[in-house]
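Structural description and commentary
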Amino acid sequence: MRGEAGQVGVSAARRRDVLDALRRGAVPAAGLDLLAVGLDRFERVAAEDLSTVATGGSVFKAVRGEYGSGKTFFARWLAERAKKAGLATAEVQISENETPLHKLETVYRRLTERLTTATFPPSALRHIVDGWFYALEEDVLAAGETTGDGATDDEVAGDDAAALDRAVGELVDRRLADVGRTAPAFAAALRGYRAALAAGDEATAAAVLAWLGGQPHVAASARRAAGVRGDLDHFGALGFLQGLLVVLRDSGFRGLLLVLDEVETLQRVRSDARDKALNALRQLIDEVHSGRFPGLFLVITGTPAFYDGPQGVARLAPLAQRLATDFTANPKFDNPRAVQLRLAGFTEASLVELGGRVRDLYAAGSSDDAAGRIDRLVDDAYLEELAGAVAGRLGGKVGVAPRLFLKKLVADVLDRVDQFDDFAPRRDYPLTIGVADMTDLERNAARADDIDLDLD
């Protein structure tokens, strides 16, 4: 019998996107609620945290789990829920060379590059800024404000462009007053962007917006036109983040979910850079808790070694104190409201449950004949065999098996059952996992150059 995933009304496009991603061995960009196994215990607190952010609060969470435990999946599952709650989202992968955590200006740049909303894909920065100026104009016209330069209400309401520009400029300054104390260049760049658009200078407008997004090496002429200098630095990045949150709020978004993924990579950098990164993380957490970033939901993900080991959080006592969470009790009693959330990873039973959801999702988009074959040939007993086989050949480490299991299930089993009337997976599919199929983590778990396994 088909499970819940096959019963719900899922659009053909959504089903296709999810299955295509699994077929490639990737985490789907959307539709993760269809695959969420074992996350129900986090749903209530996630909703509470999103509500806190949407009403002007700020939240910080640290997610911990071994490699393959689903940290990235969890972050994207949370991002889907955030978008439904009206937030913008950005997922930034921390890395030694591309996005070092101790350079917050680079983290901010990656944030703007990956900024997305329920409507706009990355980078949504320009759409958000344009929407912000439109909202400001609407506010000015609705209020019938008199500008400080002598323009009357009638001039503004009557589409006097100069008066409207002056009124919007004053409103920009008022809305960004708090930001201006620490990052005056943020408001200057916004004004420069709008002025360039008004003058029909698209090249300058695009360059100024790139500078606002933290991009380096912007043409000096564009920076001069906007009245800003140099490139964004580490300290200015926090002010720009604060400004971005104001723009989001005034544009109709209820906040921002920012995920810093794979922060454990900082354990591999030089000790001086590592210490700077840990201090930057401590600073970010303190700023979130201080209320400087209303509307920010900051999430970091890392391995237990990062949170507990000597080369991670433990190197900075104040940070260790902020992240301290007691995990000595049975995992079933973990507190989802704690600062750290522990992902237990997959068991064979939960892997089979996940496989059942994917099977039912696939069958729901197939013809009646194919769906019948899928239900008969890819039953729960077969899923148990496949899950056990994949996990067994990865050293019994079920936690690292989900990606390969789902890739093989969709591309090698379900696709064939769907297309070939006489294909029987137990008879016709000798599972082969080659080196090219595996990530470094999976390869290390398998400890073999090539794996051949028959399901008899």
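For the structure given in this document, a descriptive report is provided here.

Procedures and definitions
Residues numbered from 1 in each chain as written. Predicted model: local features only at pLDDT ≥ 70, side-chain atom pairs only at ≥ 80, totals over all residues. Heavy atoms only, no water. Pairing = 2+ DSSP bridges. Helix = DSSP H or I, 4+ residues; strand = E, 2+ residues; numbered from the N terminus. Axes fitted to C-alpha atoms, helices over the stretch in contact; angles between N-to-C directions. Contact = heavy atoms within 4.5 Å. Buried < 20%, exposed > 50% of the residue type's maximum accessible area, 1.4 Å probe, protein only. Lys, Arg positive; Asp, Glu negative; His and termini not counted. Salt bridge = Lys/Arg side-chain N within 4 Å of Asp/Glu carboxyl O. Polar contact = N/O pair within 3.5 Å; in protein donor to acceptor, adjacent residues only side chain to side chain.

The subject of this paragraph is the sheet that holds strand 5 (residues 340-342). Spatial ordering of the open sheet is given by 2-3-4-1-5, a layout of 5 strands whose pairing is parallel. Lying at the two open borders of the sheet, with one neighbouring strand each, are strand 2 (88-93) and strand 5. Taken pair by pair, the neighbouring strands of this sheet meet at an average axis angle of 20°, ignoring direction. The pairing of strand 3 (residues 256-261) with strand 4 (residues 296-302) spans 5 bridges and is classified as parallel. Its bridge partner being in strand 4, Val-259 is matched across the sheet by Val-299. Sheet strands touched by helix 5 (residues 104-113): strand 2 and strand 3. Its angle to strand 2, the strand with the most contacts, is close to 130°. Against the sheet, helix 13 (residues 234-250) engages strand 2, strand 3 and strand 4, with an angle of about 140° to strand 3.

For the rest of this paragraph, the subject is the side chain of Arg-274. Structurally, Arg-274 is set in helix 14 (residues 271-290). Asp-275 is the oppositely charged side chain nearest to the buried, salt-bridge-free Arg-274, at an N-O distance of 5.6 Å. Separated by 2.6 Å, the side chains of Arg-274 and Gln-311 make a polar contact. Dropping the residues within four chain positions of it, Arg-274 is found in contact with Leu-266, Gln-267, Val-269, Gln-311 and Arg-315.

Remember, this is a structural readout, not a statement about activity or role.
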